Amino acid sequence: MNGLYRTIAGRTRSGRFFAKALAEGARSSTLCVNAKSGLLARAGLRWQCSNTFPRIGSDPFNMFERLPTSLHPNALRISSGVRAQHSSTVASPILADASPVQGKELQTEHTEQHRQDHQEEAPSKPIVGWWYLFSGSLVFGIVAIGGLTRLTESGLSIVEWNLIKGMKPPRSQQEWEEEFEKYKQFPEYKLLNHHMTLPEFKSIFYMEWAHRMVGRFIGLSFIIPGAYFAYKGHMSKIIRNRSLLVAALIGGQGLLGWYMVKSGLSDEIMEKAHAVPRVSHYWLAAHLGSAFTIYSIMLVTGLDILRANKAKAIENLRLILKHADVIKFRRYAIGTAGLVFLTAMSGAFVAGLDAGLIYNEFPKMGEGYVPSDMWAMSTRTERNPNPGPFWKDLLENPSAVQFNHRVLAMTTASSVGALWLYSRRVKLPRNARLAVNALLAMAGVQVTLGITTLLYLVPVPLAAAHQSGSLTLLSIALWLMHTLRYVKR
Ligand code: HEM
């Protein structure tokens, strides 16, 4: 390496690259850069060389494509950096001792390589995929715990929210009594639980406390390893950004949970006749919807990362997924997954309004298939002289909300059936076939669980199974989508 390169190498990152390239045997012996400004100018160098050698192609940066392959990642970094601040003053880097013909061959080969390298970042490490799946399984668990918390009416037992202090449950008798006293100030105790004893309070307290502790654990178990993986460079850029989003969503989930609880602590409930102290079904649906969203991102991301590490599997998939039939099938599968999500959200409305405690029959609702009080809130009657808009019924009338859930559930189940029938006619990847079969089976289980939950007036075990069933159904729908999706990282 001559003195000039050493000087460049010592002063800029790109200079180090040039020097390294030459030291490792790049065929160029002259590197010609007009450095009035641009790359070398940043190193404080002014170096004018004669344009005696032919320029390669129209791209002054083609020299990178002629360097040994081992240097390409570096070359890419620098070339894109240069492009970003590209100015016409950076003239033509010329490779002195490559013949034009030889240069052309090399150029084609390396240009392709260059393009691919530039587009395809290495996938995240498999451990990141496993971590996403583990976090997803924790979210599944907390959804089930949340369902139990609601069904055992424990959710309003802790009337404060403190991220750190809230971790310590009361220990002494005095602490327990103080906590119980706080609970007594709120409508749930005053209207529903005024006969409650301290041991009974302890059991609902522990249920809610466990729910919140698992929430904290999920936050930490996502953020700490995540920061470590990012620091170690185990994540691709896209996954790093997605992880930030998921971490924010987890934080937001805690906030949503607290606002949900607060909606059930409001004293306004005391002023309404026949009011039942419970959280707003809108907040409940938002909290459940956000949990389902976080879970979906974790599941799909985990599966994607693990597959991105299996080059052969990706290649086979790439070929199958090109078929028009498969593309069409995939669209239907996405639509069906969307329907499952929507049905689950309408289920949260049923749960939030205790709408499973009326019309405990199936398929009819009273005399007909549509409940007679479907539009009770928006119809003028003697008892309702000031009717609201029709959407109030759709969102707040328990009869209409249950009806909507039935209709959506049946639509979802029929779409799953149709998707399954369609799958018989399409040549699918093996695990996509497995997923679509599992989807059909699980849709059957879920509808059966829903109907029995209704017929038996929402017993805790059936309602909890129905809730977890909905997330299982969504998981299978997402898995099916994943098997039909081509992802690189
Ligand atoms: C694709 C099918 C279905 C899905 C995805 C689904 C999903 C859900 C979800 C997520 C909940 C909220 C659970 C909670 O937060 O605790 C729910 C509640 C409920 N669903 Fe479904 N459901 C389906 C079918 C049905 C069917 C066919 C019926 C009966 C006709 C039904 C009846 C109910 C009832 C009564 C509740 C309230 C249970 C409670 O209060 O905990 N579901 N559903």
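Here the structure is a predicted model, which is why all the values come from computation and not from measurement.

Rules of the game
- Residues numbered from 1 in each chain as written.
- Predicted model: local features only at pLDDT ≥ 70, side-chain atom pairs only at ≥ 80, totals over all residues.
- Helix = DSSP H or I, 4+ residues; strand = E, 2+ residues; numbered from the N terminus.
- Buried ≥ 20, exposed ≤ 12 C-beta atoms within 10 Å, placed from the backbone.
- UniProt positions renumbered as here; feature names shortened; annotations may be inferred.
- Core = buried A, V, L, I, M, F, W, Y, C linked by C-beta atoms within 7 Å.
- Domains from an automatic or database assignment.
- Contact = placed C-beta atoms within 7 Å.
- pLDDT = per-residue confidence, 0-100.
- Axes fitted to C-alpha atoms, helices over the stretch in contact; angles between N-to-C directions.
- Left-handed = near helix turned anticlockwise from the far one by under 90°.
- Nonpolar A, V, L, I, M, F, W, Y, C, P; charged D, E, K, R; others polar.
- Near = placed C-beta within 6 Å.
- Expected span 1.5 Å × (residues − 1).

Novice: Looking at this structure, how should I read the overall build of the protein chain?
Specialist: Along the protein chain, the regular secondary structure elements total 18 helices and zero strands. For the protein chain, the proportion of its 489 residues judged to be buried stands at 36%.

Novice: For this particular structure, what's the right way to read the UniProt feature "transmembrane region" (unreviewed entry) in the protein chain?
Specialist: UniProt's entry tags residues 129-148, 213-231, 243-261, 281-306, 332-359, 403-422, 434-458 and 464-481 with the feature "transmembrane region" (unreviewed entry), counted in the numbering of this structure. In residues 434-458, the share of helix is 88% and the share of strand is 0%. The end C-alpha atoms are 32 Å apart.

Novice: Can you help me understand the nonpolar core in this one?
Specialist: In a soluble, globular protein the nonpolar side chains are often hidden away together inside. Residues Leu439, Leu474, Ala477 and Leu480 are the most contacted members of the largest nonpolar core, which totals 70 residues. Within the residue set of this core, elements represented by two or more residues are α6 (126-151), α9 (198-232), α10 (237-265), α12 (281-308), α14 (324-352), α16 (398-423), α17 (430-455) and α18 (460-483). Per-element accounting of this core gives the leading share, 15 residues, to α12. No fewer than three residues from each of domain 2 (126-308) and domain 3 (310-489) sit in this core. Once residues within four sequence positions are removed from consideration, Leu480 is found in contact with Ala333, Ala432, Ala435, Val436 and Leu439. With six residues, the next largest nonpolar core counts Ile158, Phe201, Phe205 and Met207 among its residues.

Novice: Any chance you could explain the confidence of the model for the protein chain here in plain terms?
Specialist: Caution is warranted with low-pLDDT regions, since their predicted coordinates should not be read in detail. A residue-level look at the protein chain finds 74% of positions with pLDDT of 70 or above and a mean pLDDT of 81. For the protein chain, the element scoring lowest by mean pLDDT is helix α4 (residues 72-84), at 34; α16 scores highest, at 98. The low-confidence segment residues 21-118, where pLDDT is below 50, has 116 contacts with residues more than four positions distant or belonging to other chains.

Novice: What should I look at first to understand the packing of α12 against α18 in this one?
Specialist: Any two packed helices are characterised by how steeply their axes cross, that is the angle between the axes, and by the distance between the axes. One way to put it is that α12 packs onto α18 with a least axis distance of 10 Å and a crossing angle of 35 degrees. The handedness of the crossing between α12 and α18 comes out as right-handed. Together, Phe292, Tyr295, Ser296, Leu299, Val300, Leu303 and Asp304 of α12 and Leu471, Leu474, Ser475, Leu478, Trp479 and His482 of α18 make up the contact between the two elements. Tallied by class, the residues present in the contact of α12 with α18 amount to nine nonpolar, three polar and one charged.

Novice: So what exactly am I meant to see when it comes to the site of the ligand here?
Specialist: With respect to spatial proximity, 31 residues lie near the ligand, and among them Gly347, Gly356, Ala409, Gly450 and Ser470 are the closest. Of all the secondary-structure elements, those providing two or more residues to the shell around the ligand are α6, α14, α16, α17 and α18. Residues of the shell around the ligand, tallied by class, amount to 17 nonpolar, twelve polar and two charged. In this structure, the shell around the ligand is formed jointly by two domains, domain 2 (126-308) and domain 3 (310-489), each of which donates at least three residues.

Novice: How should α12 be read in this particular structure?
Specialist: One turn of the α-helix equals 3.6 residues, which is why residues spaced by three or four share an orientation. In this model, α12 (28 residues) spans 40 Å end to end at C-alpha, consistent with the 40 Å of a helix rising 1.5 Å per residue. α12 sits mainly inside the fold: 22 of its 28 residues count as buried.

Novice: Whenever I open this one, unusual backbone geometry confuses me. Can you help?
Specialist: Generally, phi is negative for residues other than glycine and the peptide bonds are trans, each holding for most cases. Backbone torsion omega between Phe362 and Pro363 reads 5 degrees, so that peptide bond is classified as cis. By the element assignment, Pro363 lies in the loop between α14 and α15 (390-396). With a phi close to 45 degrees, Tyr359 is a non-glycine residue in the positive phi region. Tracing the chain through its elements places Tyr359 in the loop between α14 and α15. In this structure, Val458 is a non-glycine residue whose phi angle is positive, near 55 degrees. Here Val458 is to be found in the loop between α17 and α18.

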